[in-house]
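What the coordinates show
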Protein chains: 2
Amino acid sequence: MKALLTTIGLFAVTWMSAGAADPAVPYPAEYRKWVHVKSTLIGPQHARFASNGGLHHFYANDKALDGYKIGKFPDGSVLVDDLLEIKESEGVSSEGARRRVAVMVKDSARFRETGGWGFEVFKGDESSPALNAEGKTACFTCHSKQKDHDSVYSQFRK
Amino acid sequence: MKALLTTIGLFAVTWMSAGAADPAVPYPAEYRKWVHVKSTLIGPQHARFASNGGLHHFYANDKALDGYKIGKFPDGSVLVDDLLEIKESEGVSSEGARRRVAVMVKDSARFRETGGWGFEVFKGDESSPALNAEGKTACFTCHSKQKDHDSVYSQFRK
């Protein structure tokens, strides 16, 4: 029995090590085929245009869609904020380069310290994580104000 | 045999009558769960703002997604242009009411006269067709200029 527990313990350590080496929130490879929740355009008149300006498209995986219906997002929910530059010409604003992909993943156990949500940012078209600890805290601090909607700002547009 | 043919004939007439009574291009009931192709904002500076202004979200069903890959859309492809009003406040432009849902359906046999595409428009959140013959001709005339992309203007944004 002791040998068995030791073996289980070793497996657990191995798994935890592998987990620690992986990014906490992986790049959401398939998000462009997920459902489009809504969009918001942040223009040059906005105080945070430099850091947040452009066309934000929000996408949700199937579990997150269930979350929008009941206001509580189940574990496995993933939300994406896909931020694109905007090019304006003669009244037509078109999508430009991708600025970043911001991601929220719900895992109540793994992200217990931050309301059950893990946060990450991927710059441009890159798939390696770019958010430092300070940035994650900033995400959590702002999102946690949405107490009545499980820390999620967006609503699903019909 | 004659009786059989008469029966078939009656069924055919019944089916054709039902078909003629239905809209040629049905309302795409599930399009909000289809893949989001791209978006374009038509602003007040644009010459056609009154008729075409707002945020255009384009959606494609699975067959149409195949069409974007090869530049030729298979029968059964459906494309949607979901046009929303935009409300601007302090640099944030948010989605407002739906102006209309414009639809293209590919059926090479049924819409042979218009490049294999059927066109329809549904006003606001209504699901009854609103495009008259003149409007359909206008859709076809403009879209048919896209000879190298099977009459489709949009490209799938990665």
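Residues numbered from 1 in each chain as written. Chains lettered and ligands numbered in written order. Predicted model: local features only at pLDDT ≥ 70, side-chain atom pairs only at ≥ 80, totals over all residues. Heavy atoms only, no water.

Section: unusual backbone geometry
Residue and element names in this part refer to chain B.
- Residues other than glycine seldom take positive phi values, yet Glu90 does so here, at roughly 50 degrees.
- Relative to the assigned elements, Glu90 resides in the loop between strand E3 (78-89) and strand E4 (92-106).
- If you check the backbone angles, Ser151 has positive phi at about 70 degrees while not being a glycine.
- Here Ser151 is to be found in the segment after helix H4 (133-143). (Helix = DSSP H or I, 4+ residues; strand = E, 2+ residues; numbered from the N terminus.)

Brief notes about the relation of the copies chain A and chain B
- With an RMSD of 0.0 Å, the fit of chain A onto chain B corresponds to turning through 180 degrees and sliding 0.0 Å along the axis. One copy is carried onto the other by what is essentially a two-fold rotation axis.
- When you check the interface residues of chain A against chain B, 100% turn up at the interface there too, and the contact is symmetric in its surfaces. (Least-squares fit on C-alpha atoms with pLDDT ≥ 70 in both. Contact = heavy atoms within 4.5 Å.)

A few points about the interface of chain A and chain B
- The interface is formed by 28 residues belonging to chain A together with 28 residues belonging to chain B.
- Summing both partners gives a buried area of about 2,300 Å² for chain A against chain B, and 49% of it is carried by carbon and sulfur.
- There are four salt bridges connecting chain A and chain B.
- In this structure, the connection of chain A to chain B is made through 22 residue pairs in polar contact (both at pLDDT 80 or more).
- Where the side of chain A that touches chain B is concerned, the elements lending two or more residues are strand E1 (35-42), strand E2 (54-60), strand E3 (78-89) and strand E4 (92-106) of chain A. (Buried area = accessible area lost by both parts, 1.4 Å probe. Salt bridge = Lys/Arg side-chain N within 4 Å of Asp/Glu carboxyl O. Polar contact = N/O pair within 3.5 Å; in protein donor to acceptor, adjacent residues only side chain to side chain.)

With respect to the pattern of salt bridges
- In total, this model carries 16 salt bridges over all chains according to the counting rule given.
- For the salt bridge of A:Asp66 with A:Lys69, the shortest nitrogen-to-oxygen distance reads 3.8 Å. Residue A:Asp66 and its partner A:Lys69 are both found in helix H3 (residues 62-70); the two are separated by three residues, about one turn of the helix.
- For A:Asp66, a relative accessible area of 38% puts it in the partly exposed group.
- Judged by its relative accessible area of 63%, A:Lys69 falls in the exposed class.
- Note that B:Asp82 and A:Arg157 form a salt bridge whose closest N and O atoms lie 3.2 Å from each other. Linking B:Asp82 in strand E3 with A:Arg157 in the segment after helix H4 (133-143), this pair reaches from one chain into another. Comparing B:Asp82 with A:Arg157, the two get one shared label, buried. (Buried < 20%, exposed > 50% of the residue type's maximum accessible area, 1.4 Å probe, protein only.)

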